[in-house]
Amino acid sequence: MEDIKEAEIGKILKVAGPLVIAEKMSGAFMQELVKVGWDKSVGEIIKLDKDTAAIQCYEDTSGLTIGDPILRTKAALSVELGPGILTTIYDGIQRPLEVIYNGIKARNPAEAPYVPKGVEVPCLDRSKHWEYNPAKGVKIGDHVTGGQIYGIVHENSMFKEHRMMVPPHAKGTIVEMAPYGNYNIETPILTLEYEGIQTKYNMFQKWPVRKPRPCADKLAGNKPLLTGQRVLDALYPSVLGGTCCIPGAFGCGKTCISQALSKYSNSDGIIYVGCGERGNEMAEVLAEFPDLKIEVDGKLVGVMERTCLVANTSNMPVAAREASIYTGITLAEYFRDMGYNMSMMADSTSRWAEALREISGRLAEMPAEQGYPAYMPSRLAEFYERAGRVVCLGSPHREGSVSIVGAVSPPGGDFTDPVTTSTLNIVQVFWGLDKALAQRKHFPSVDWTRSYSKYKDQLASYFDDAFDGFNSRKEKFFYILQEEGVLNETVRLVGKDSLSEDQKIVLAIAQYIKDEFLQQNAFSDHDYTCPLWKTNGMMRIIAHMYDCCQKAVAESDKDSKMTLDIIKTALSEEFHEMTQMKFKIPKEALRESTLEYFDNLCNQIDTKFRNLKAKM
Ligand SMILES: Nc1ncnc2c1ncn2[C@@H]1O[C@H](COP(=O)(O)OP(=O)(O)OP(=O)(O)O)[C@@H](O)[C@H]1O
Ligand SMILES: [Mg+2]
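What counts as what
- Residues numbered from 1 in each chain as written.
- Chains lettered and ligands numbered in written order.
- Predicted model: local features only at pLDDT ≥ 70, side-chain atom pairs only at ≥ 80, totals over all residues.
- Heavy atoms only, no water.
- Pairing = 2+ DSSP bridges.
- Helix = DSSP H or I, 4+ residues; strand = E, 2+ residues; numbered from the N terminus.
- Axes fitted to C-alpha atoms, helices over the stretch in contact; angles between N-to-C directions.
- Buried < 20%, exposed > 50% of the residue type's maximum accessible area, 1.4 Å probe, protein only.
- Donors = N, O, S within 2.8 Å, 3.2 Å for Na, K, Ca; no water.
- Salt bridge = Lys/Arg side-chain N within 4 Å of Asp/Glu carboxyl O.

Caption draft 1: Seen up close, the sheet that holds strand β3 (residues 32–36). With respect to topology, six strands assemble into a closed barrel ordered β1-β2-β5-β4-β3-β6, the strand pairing being antiparallel. The average undirected angle you get between the axes of adjacent strands in this sheet is 45°. Relative to strand β5 (residues 52–57), strand β2 (residues 19–23) runs antiparallel, the two sharing four bridges. Bridge assignment links Ile-21 to a residue of β5, and that residue is Ala-54.

Caption draft 2: Structural detail: the pairing of strand β27 (residues 388–391). Going residue by residue along β27, you find Gly-388 and Val-390 tucked away on one face and Arg-389 and Val-391 tucked away on the opposite face as well. With four bridges connecting them, β27 and strand β28 (residues 399–408) associate as antiparallel partners. Considered in β28, the bridge of Val-391 is made with Glu-399.

Caption draft 3: Structural view of the coordination of the magnesium ion (ligand 2). Every protein donor of the magnesium ion (ligand 2) is listed here as Thr-255 (OG1) and Glu-281 (OE), and their distances to the metal cover 1.8 to 2.5 Å. Residue Thr-255 is located in helix α3 (residues 254–264), and its partner Glu-281 is located in helix α4 (residues 279–288); the two are separated by 26 residues in the primary sequence. In this structure Thr-255 comes out as buried when scored by relative accessible area, which is 12%.

Caption draft 4: Broad picture of the pattern of salt bridges. Inspection of every chain in the model, using the stated rule, returns 36 salt bridges. A salt bridge links Arg-351 to Glu-354; the shortest N-O distance between them is 3.1 Å. One end of the pair, Arg-351, and the other, Glu-354, are both in helix α6 (residues 349–362), three residues apart, so they sit about a helical turn from each other. On the basis of relative accessibility, which here comes to 18%, the residue Arg-351 falls in the buried class. When its relative accessible area of 22% is taken as the criterion, Glu-354 is described as partly exposed.

The following block contains the structure:
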């Protein structure tokens, strides 16, 4: 540090866990990135008071002592945005973990699994060459502004177009443009001139993580985020650009749902942030994702090609949880700006709130409910506000979206905890997980009585256009499930015999809805995902069976009374078939034959009822 001016170096005054108090810091600014101690660990200034600064440290602070130097960087915590983000696994401050691992292994194999303090590696690979194509219609002499697409980089076989954009606040006249070729990300490929000053741009740009990337306009979502989970797609759908939260107690399946979404949802790209959860869960993701293939246009491609993982497990420094959330959302916004639909999963936001609580406690701030800082809800809100469907900056005209799915793990599954309640005030979709269901092995354990989606009306026309009668079936399911709750209460009080036939039908069909439709085993070959056409087919059969049963009972006369038992005996085969529908393999190639199967089953039910009626 000899070559640095003394004025730019502060001194450690106090170390308290992840918090470092430094003196001689006058001139530093809020949220400035600093290098702490001789190891140059990364930290961020979160409070300034006269010439002292409070720094939250993103790396382990053990070994730091009073008087150790603090080096200012005069820049905010930023991420590098460019080709190579997808398929990479980063830590909370965008350091590529694999590169670090390989680097250390080469030097000293014994140290390999540990990330040393203050390790400095570039976020994006500088040596790799990418195939670059100038965008059609953009030429020298054009006046361009932020967001203008001027080139395309072939990222990988799934994410084919990584669009090169003029950084948001830049503008000028194009004076130089690189031709087609293979370039590394540091090669200048565009030169703009504005008021006589020429600026060169290469394939990557930097952006401070705490600042939302600008867009031209915000729009309401109008297309569903299809998750491949029947209960979510049919009953509580979110939109592309929506905000969802999954609160659930320990072991209820939050991680399973977020992972299923990352694998099979209809997003163009996924940023999966493992924030403060157990290392094993992240290890599972790291082990599983690279081998996973999904079907796109009939071809199998690796899921990782559209995924970026940000790993920050519970044993990593707590302050970095916050950084990992911001890093994740900024990466998602960058791809959104290209005109893609991105999803960001954060598992779990409770761990981030806990990190805020820890730092706030160490700063001796006034605590609010349960010790969380008073600004915790607004921090959550700021984060979720970065979701949405937008008109991107610059030309050509394009729309993109960021959907956020945040897992929340309230202690003891108590949904009145401050993180859950504050999150619920913000998000539009609530997928509440129920402990009792999880204990009964009803997965996904989404509680159909408490969950909700506020995008129902926005999506109604989409679903009805895609599948005629979808919404009325959905309403029927809601009605049956709701009635079942009421009827179960009656049964508990006065017994099953008191029920009328139509009520018995409600109970019987509700059972099929719960066992066959709502349950979906994420680890099976037939139910790991469920495309909308299969979801609709299954709904159609169950709803049709319900209608036919109710009709038969309503139309029967007093002398020859139709009962559920009679129907069940006559249609035993069809009732059995309702338990087999979910075993249809959800492959696009089998779509036609599966739809035909549903048609036939529907006709078979009609025929059987006609015969039954004739017999009575
Ligand atoms: N959709 C599903 N299909 C089959 N099994 C499931 C499903 N969801 C959850 N499970 C089972 O529940 C277990 C716990 O799920 P998961 O790890 O997702 O819970 P969690 O809510 O993330 O828990 P924690 O709070 O401990 O992180 C899984 O290991 C799996 O056995
Ligand atoms: Mg989990």
